[in-house]
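# Summary of structural features
So the chains spell out like this:
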Amino acid sequence: MLRPKLIKRESESLLARIAVPILSIILAFVCGWIFLYFSGFDPGESYLRMYQGAFGSRYAISETLVKAIPLALCGLGVSLAFRMKLWNIGAEGQFHMGALAASGVALSMGDLSAWMLLPLMFLAGFAAGGIWGAIPGALRAYWDVNETITSLMLNYVAILWVDFLVFGPWKDPSSMGFPLTPRFSVNGYLPTLGTSRVHIGLILALIIAIVVYIVLQYTRWGYEVRVVGESKVAARYAGMNVARHILLVMLISGGIAGLAGMIEVSGITHRLQQGISPGYGYTAIIVAWLARLNPFTILLVAFLFGALLVGGFSVQTFGISFSIVLVLQGAVLFFLLGGEIFLKNRLVWVREEVR
Amino acid sequence: MKRIPLVKMVHINKAFPGVKANQDINFRVYPGEIHALLGENGAGKSTLMSILAGLYQPDSGFIEVKDKAVRFHSPRSALSQGIGMVYQHFRLIPNFTVAENIVLGAPDAAFLLHKQDIEQEISALSDQFGLEVDPAAIVGQLSLGEQQRVEIIKMLYRGCEVLIMDEPTTVLTPREVKELFKIMRRMSDQGKAIILITHKLHEVMEIADYVTVLRRGKVVGEDRIENLNEKTLTNMMVAHEIEYSQVDRAKPSGKLVLKLQDVQVPGDQDYMAVRNVNLALHAGEIVAIAGVAGNGQKELVETIAGLRFPSRGTISLDGEEIQTLPVKERLRRGICMIPEDRIGMGLVPNLSVMDNAILRNYNHETMNSGFLLNYKKISTYTWKLVQDYNIYLSSIHHPVNYLSGGNLQKLLLAREIDQNPRVLIASYPVRGLDVMAAESVYQILLQEREKGTAILLVLEDLDDIFRIADRVAIMYEGQIEEVLEVNQTDIDEIGALMLGADKIGVRYVETQAN
């Protein structure tokens, strides 16, 4: 009788490292195919339309990039915390706080020149997101409160704050009841690249990825972060201040997600409104994890997930619910994590003699 | 009359990634025999016995019990054939009573437990084999020796006829070892077979009837104990003779370096882990702290290194008080430490050898240029350590977990000694190392002693103490009562003090009063 058996690999082969993710994604789409078929849609045509919606034209690609930017930034933010084994799942809230603070600056100081206003908005976005990350950080660092729960809870608080402002004090009187603030002054718009909707947030995401990489790999502070992330006991033994590192990393992690929020209101919506994020902060967790926390891979994965979002929006006109995109996202994650087993182990068939 | 072996393992092969743990091994045990399975760490003893206990399946080969071929899929199927193993780390539930632990998972346990019946059965077994233990006691409150007895009874309760004991004496005090050996003898007298996995020669000479020696996954020798002596066994184990380094105790030690006065340290729970400890450490001497693990040794050395702070008392280095200084400052003043947890505290798992080499001096200007770490210099530095201390590795970029235990310890020693310590603390420096690796660690420590470093070792093995230490401080329940010159004491005296012998009378009276 042949029996399957997993044997631990001594090292991950390069081939497996490339093949396993690709196969996993293919399997996820096969899974979605079955799902679409039984929902009464033509899977082939649905996928074609999704592809066209995400990559089919200059406009499509620019839309994909527009969605990829906040995903990449939030992904970079959470990846920093994940490096320290701090489970910051509060990027969604940090994103909202960043958007809120930047909007506050833009709405109250709209007369300033762009050279003054934009940096102030950046600062406000980073600070607000940072504080939102630092709250669970401080609770964790000094009182050992589980940051997973606190950071998650603060998401709802942040989203409700935004709701409160756009339904209440900051509501545009001429919005005919829609939950929006007035438009920012043009000085508060992030410059775009060419004539597309793609804004310089793209460049910022690239810069932040490079900075994160260099800081983690080559600076003393990055070294300390890596040590604390792997073993807090070893960090204390090396004389590092573990609590301060936890606090600081959560602050920066939240700050980067806050920047993403600032960039979204300043570059795309040009106002604060309800539902500014279709769950960027949550999807970013998947992005960071799939990229194995490598900053450059995060950029690539964010682009793919941006495409999935845009493709999903585009088939809504075709009658397919957006939920199918969430199913696909889930399936991709599911198969990739499952694929990890084959990356770490080898499947062999062993012959077992029957008694 | 031809004797039938209780258990026969034939042509056993077992490979793990990168290692052939067992190669074509034949092994037999007869009823009433105490069979020692001897070998260095990594020789394949535990693998072979895990196969016999049903934990692993062999790649090829077969097992016979009383001349009948069997196949084990799990420890439970091995137990059903009367084979049970007592692991080095006990598998007991601390909050349960002895009786509850013993019936837990027993294959024929009734759905409703009859407490009295079970306790009676246990008492009967205890009497039969001299295993004293109270069935109603909570396991978490028992000593390690008593817990071991519970494990043994657990196996006997399940009808075990072959009892495998994995390094059973590691956690015991000398007196408990003697008791264990008596129990083992009594079990063998009543027809049970006992397999003793060990790397300690004197234990084999003392208790075994028959010895099988493993080296690198193969049987390299087996014979009745009468035909063997320690020397022939050593030669079988390591394939060549070793010259043991010796400490020269005639050399007088230097001036006072480290002084602890009335040091009191709170433990992790609500108790005092270290109580009123006084200790003096001189240049060029090795002081060993002996004691059963968990008597405050860990807390004491961590307090000296700056990882814990005393609630009372002073620690002075060259006459200056340091008890409030942080780790970094103590490092700068030359207090270096090799912790008990090599990977986890001493070294960072998953980080490269290079990153680990600078764990204690990454702040030093020679490792940095501006606010960037200078990896070119770090790599040169790491290679220097690797070469100076004969550390075997394939790449300094690989995660440190790829190194063997001996090389990990050498890396730790290299890194700490490179800081030019005034005081070098090492906890269990040779634990888990094979004879060769342990020997090179001793040599490094003795060289440091020659250089005039004050060395404090936490040791558990009495043989180690006699080999390397000048003086020995016995720690019991957080206190150091006696500091003895090693060449004016003996194993029995240290063993008794480790158990708090001078206090036993007092404690007995206290419990009577309750």
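Nothing here was measured: the structure is a model prediction, and the numbers come from that model.

Within chain B, the regular secondary structure consists of 17 helices and 22 strands. The proportion of buried residues among the 514 residues of chain B is 55%. Partitioning the intrachain contacts of chain B with sequence separation of at least 6 by distance along the chain shows that 68% fall at a separation of at least 24. Within the structure as shown, chain B displays about 23200 Å² of accessible surface, and the carbon and sulfur contribution to it stands at 50%. Computed over 55 positive and 67 negative side-chain charges, the separation of the two mean positions in chain B equals 5 Å.

What follows is about the domain arrangement of chain A. All names here are of chain A. Along its sequence, chain A is carved into domain 1 (1-41 + 320-355) and domain 2 (71-315). Taking only C-alpha atoms, the centre of domain 1 and the centre of domain 2 are 32 Å apart. Contacts between the two partners involve 13 residues from domain 1, matched on the other side by 11 residues from domain 2. For the pair domain 1 and domain 2, the summed buried surface comes to about 1100 Å²; carbon and sulfur atoms form 73% of the total. Contact with domain 2 buries area across many residues of domain 1, yet Phe322, Gln329 and Leu333 alone supply 46% of it, more than any other trio. On inspection of domain 1 and its partner domain 2, the count reaches zero salt bridges. The tally of links from domain 1 across to domain 2 stands at zero residue pairs in polar contact (both at pLDDT 80 or more). Broken down by class, the residue content of the side of domain 1 that touches domain 2 amounts to 10 nonpolar, one polar and two charged.

Residues and elements named next belong to chain A. Relative to each other, helix 2 (residues 43-55) and helix 3 (residues 58-83) sit at 80°, their axes nearing to 5 Å. Taken together, the axes of helix 2 and helix 3 lie roughly perpendicular to each other. Every residue of helix 3 that contacts helix 2 at Gln52, Gly53, Ala54 and Phe55 is listed here: Ala60, Ile61 and Thr64. Taken together, the residues of the contact of helix 2 with helix 3 sort by class into four nonpolar, three polar and no charged.

Residue and element names in this part refer to chain B. If you walk through the whole model with that rule in mind, you get 30 salt bridges over all chains. Put simply, Lys154 and Glu151 hold a salt bridge, and the shortest N to O gap is 3.4 Å. Placement of the pair is Lys154 and Glu151 together in helix 5 (residues 144-157), with a separation of three residues, close to one helical turn. For the pair Lys154 and Glu151, one class covers both residues: buried. A cluster of three or more residues bridged by salt bridges with shared partners is formed by Glu320, Glu329, Arg332 and Arg333.

Attention now moves to the pairing of strand 12 (residues 272-282) of chain B. Residue and element names in this part refer to chain B. Here seven bridges tie strand 11 (residues 256-266) to strand 12, and the two strands are oriented antiparallel to one another. Note that in strand 12 the partner of Lys259 across the bridge is Ala280. Linking strand 11 back to strand 12 in an antiparallel pair, the connection comprises five residues.

This part covers the interface of chain B and chain A. With 33 residues of chain B at the interface, the matching set in chain A holds 22 residues. Carbon and sulfur atoms make up 56% of the surface buried where chain B meets chain A, a total of about 2500 Å² over both sides. Across the chain B-chain A interface, the total number found is one salt bridge. One salt bridge in this structure joins Arg226 of chain A and Asp355 of chain B, with 2.7 Å as the shortest N-O distance. Remark: the boundary between chain B and chain A carries 17 residue pairs in polar contact (both at pLDDT 80 or more). Those elements that provide at least two residues to the side of chain B that touches chain A are helix 10 (327-332), strand 16 (335-338), strand 18 (372-373) and helix 13 (405-417) of chain B. Split by residue class, the side of chain B that touches chain A holds 19 nonpolar, eight polar and six charged.

For interface size, the figure often reported is the accessible area lost on association. All names here are of chain B. Along its sequence, chain B is organised into domain 1 (7-238) and domain 2 (283-307 + 325-513). Just the C-alpha atoms count here: the centres of domain 1 and domain 2 sit 32 Å apart. Each partner contributes to the interface: domain 1 provides 10 residues, whereas domain 2 provides 14 residues. Both faces considered, domain 1 and domain 2 share a buried interface measuring about 980 Å² in area, 61% of it formed by carbon and sulfur atoms. Applying the counting rule to domain 1 against domain 2 returns zero salt bridges.

What follows covers the packing of aromatic side chains. Scanning the model with the defined rule gives 16 aromatic pairs over all chains in all. Residues Phe334 of chain A and Phe335 of chain A carry aromatic rings whose centres are separated by 5.6 Å and whose planes lie at 90° to one another, so their mutual orientation is edge-to-face. Phe335 of chain A sits in the partly exposed class, given a relative accessible area of 22%. Taken together, the ring pairs in this structure connect Tyr213, Tyr218 and Phe296 of chain A together with Tyr375 of chain B into an aromatic cluster. It is Arg91 of chain B that lies over the ring of Tyr87 of chain B; its NZ or CZ is 3.7 Å from the centre. In this arrangement the basic side chain of Arg360 of chain B is found over the ring face of Tyr237 of chain A, its NZ or CZ atom lying 3.9 Å from the centre.

Each strand in a sheet pairs with its neighbour through backbone hydrogen bonds, running either in the same direction (parallel) or in the opposite one (antiparallel). All names here are of chain B. Pairing in this open sheet of six strands is mixed, and the strands run 16-19-20-13-21-22 from one edge to the other. The sheet is open, and its two borders are formed by strand 16 and strand 22 (479-485), each paired with just one other strand. Recorded for the sheet is a direction-independent mean angle of 20° between the axes of neighbouring strands. Two elements, strand 13 (residues 286-290) and strand 20 (residues 454-459), share five bridges in a ladder whose sense is parallel. The residue bridging Ala290 from the neighbouring strand is Leu459, located in strand 20. Contacts between helix 13 and the sheet are confined to strand 16 and strand 19 (423-427), with strand 16 contributing the most and set at about 175° to the helix. Set on the sheet, helix 16 (residues 491-498) makes contact with strand 13, strand 21 (471-476) and strand 22; between it and strand 21 the angle comes to about 30°.

It is worth spelling out the packing of helix 1 (residues 14-38) of chain A against helix 13 (residues 323-344) of chain A at this point. Residue and element names in this part refer to chain A. At a minimum axis distance of 8 Å, the contact between helix 1 and helix 13 shows a crossing angle of 145°. For the element pair helix 1 and helix 13, the recorded crossing hand is right-handed. A per-class count over the contact of helix 1 with helix 13 returns 18 nonpolar, three polar and one charged.

Here we come to the sheet that holds strand 12 of chain B. Pairing is antiparallel in the open sheet, where four strands are placed in the order 12-11-14-15 (chain B). Strands with a single pairing partner mark the edges of an open sheet, and in this sheet they are strand 12 and strand 15 (320-321) of chain B.

Our next topic: helix 4 (residues 115-129) of chain B. Taking 1.5 Å as the rise per residue, helix 4 of chain B with 15 residues should run 21 Å; its terminal C-alpha atoms sit 21 Å apart, in good agreement. Looking one or two residues past helix 4 of chain B, Gly130 of chain B carries a phi angle of roughly 70°, positive in sign.

Residues and elements named next belong to chain A. Counted at 1.5 Å a residue, the expected span for helix 1 with its 25 residues is 36 Å, and the 37 Å between its end C-alpha atoms agrees. Buried residues along helix 1 sit against helix 2 and helix 13. Count one or two residues on from helix 1 and you reach Gly40, which has phi positive near 90°.

Moving on, we come to the confidence of the model for chain B. Per-residue pLDDT for chain B averages 85, and the proportion of residues at 70 or more is 93%. Under a pLDDT of 50 for its full length, residues 503-514 of chain B has, in the predicted model, seven contacts with residues more than four places off or in other chains.

This brings us to the environment of Pro43 of chain A. All names here are of chain A. Tracing the backbone through its elements, the reader meets Pro43 in helix 2. Distance from Pro43 to Phe82, taken between C-alpha atoms, is 36 Å for residues 39 residues apart in sequence. If we skip the residues at most four places from it in the chain, Pro43 touches Trp33, Leu36 and Tyr37.

Definitions and limits used
Residues numbered from 1 in each chain as written. Chains lettered and ligands numbered in written order. Predicted model: local features only at pLDDT ≥ 70, side-chain atom pairs only at ≥ 80, totals over all residues. Heavy atoms only, no water. Helix = DSSP H or I, 4+ residues; strand = E, 2+ residues; numbered from the N terminus. Buried < 20%, exposed > 50% of the residue type's maximum accessible area, 1.4 Å probe, protein only. Contact = heavy atoms within 4.5 Å. Areas by Shrake-Rupley, 256 points an atom, 1.4 Å probe, with all protein chains shown as cover. Lys, Arg positive; Asp, Glu negative; His and termini not counted. Charge placed at Lys NZ, Arg CZ, Asp CG, Glu CD. Domains from an automatic or database assignment. Buried area = accessible area lost by both parts, 1.4 Å probe. Salt bridge = Lys/Arg side-chain N within 4 Å of Asp/Glu carboxyl O. Polar contact = N/O pair within 3.5 Å; in protein donor to acceptor, adjacent residues only side chain to side chain. Nonpolar A, V, L, I, M, F, W, Y, C, P; charged D, E, K, R; others polar. Axes fitted to C-alpha atoms, helices over the stretch in contact; angles between N-to-C directions. Parallel < 35°, antiparallel > 145°, perpendicular 65-115°, else oblique. Pairing = 2+ DSSP bridges. Phe/Tyr/Trp six-rings, centres within 6.5 Å; stacked < 30°, edge-to-face > 60°. Lys NZ or Arg CZ within 6 Å of the ring centre and 35° of its normal. Left-handed = near helix turned anticlockwise from the far one by under 90°. Expected span 1.5 Å × (residues − 1). pLDDT = per-residue confidence, 0-100.

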